[in-house]
Amino acid sequence: MKTIMAIGAHIGDMELTCGGVLCTMALEGAKIVTVALTAGEKGTTGDIELYKKQKISEAKRFAEALGGESVVLNYPDGLLHVTEEVKWEVADLIRKYKPSILITHHRKSMHKDHEACHLIVKDAQFYAGLKGFKRELEAHYANGPYYAENWEDPVDFRPYVYVKVSKEGYEKWRELISIHKFTVESPSFKYKEYYEALKIVRGKEARLDYAEAFNI
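Residues numbered from 1 in each chain as written. Predicted model: local features only at pLDDT ≥ 70, side-chain atom pairs only at ≥ 80, totals over all residues. Heavy atoms only, no water.

A. Just the layout of surface pockets, in detail. Here the largest pocket defines a volume of roughly 510 Å³. Lining the largest pocket we find 26 residues, and of these G43, Y51, K55, F182 and Y191 sit closest to its centre. Those elements that provide at least two residues to the lining of the largest pocket are helix 1 (13–17), helix 3 (48–65), helix 7 (182–185) and helix 8 (191–205). At 3 residues, the largest contribution of residues to the lining of the largest pocket is made by helix 3. Partitioned by chemical class, the residues of the lining of the largest pocket number 8 nonpolar, 11 polar and 7 charged. (1 Å grid on protein atoms, 1.4 Å probe; cavity = no way out; pocket = protein on both sides within 12 Å on 5 of 7 lines; lining within 4 Å. Points joined across faces, edges and corners; volume = space filled by probe spheres on them. Helix = DSSP H or I, 4+ residues; strand = E, 2+ residues; numbered from the N terminus. Nonpolar A, V, L, I, M, F, W, Y, C, P; charged D, E, K, R; others polar.)

Rendered as C-alpha cells:
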C-alpha cells in the first residue's frame, strides 16, 4: 500500500493545500498520514488550551475519515524553531510510516513556522533515509518533498507538477475540510472558498476538472 505523508507547520495547513490529492489518493487505496508540528492553537481569541484540543480532534477526524492517521507534535504555535530535536522526531515518523512521498511547505512564506517546517522536513528526510544514522527503526527514504501551494507561501512559488484531483476526491475534500472549523468560520479569510477555487483553476491549467499544483 502506498503511503502519503503530508507535514505542515499547523493543523489544517496540509488538509487545505493538498487535501484534494490526499482525498483522491485515499479513495484509490493509499494510506494518508498527516503530521502537524504544532496544533496552530494561537489562532483564536478564546481559550488557547481548549482550542488546541479542538484542533487536535479535527485533525484526527479528517485523517480517520480517509482511513488514515493524524500525528500532532507538541511544539508551540508561532514559536517553531529549527532544531535537531524536531528534525529527529520527524525523521523517526518517516521511518515508522515509510511514506512513498512527502509533502510540505514551500520554502518562502509570510509565516515563520512555515519556513521552519520546510527546513525541518528537508533535513528529516535526509536523516530518515541514511542507514548510517542508527535509530530504533530502520532507515527509509521518502521521495520529495513536494511543496504545496499555500496563499501564505507565495514568494517564488511556481507550479512545477500538477496532480489530478478526481471528482470524487474533490467532493470528499469539500465535505471533510469543513471539519476544520477555521476554514469556514474565519472572519479574516475565506479559506474553504479560496482553495475550492484554486483547485478548479489549477485543474483548468492542467486540462482537468480539478488539480493541485506543487513545486519541487
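B. Up close: unusual backbone geometry. The omega angle of the peptide bond from G144 to P145 is -5°, so this bond is cis rather than trans. In this structure, K98 takes a positive phi of about 50° despite not being glycine. Counting through the fold element by element, K98 comes out in the loop between helix 4 (84–97) and strand 4 (101–105). The phi angle at D156 is positive, at roughly 65°, despite the residue not being glycine. You can see D156 is positioned in the loop between strand 5 (143–148) and strand 6 (161–164).

C. Inspection of the environment of T34 at higher detail. On the secondary structure map, T34 appears in strand 2 (residues 31–38). Classification of T34 by relative accessible area gives buried; the value is 3%. Distance from T34 to I7, taken between C-alpha atoms, is 6.0 Å for residues 27 residues apart in sequence. (Buried < 20%, exposed > 50% of the residue type's maximum accessible area, 1.4 Å probe, protein only.)

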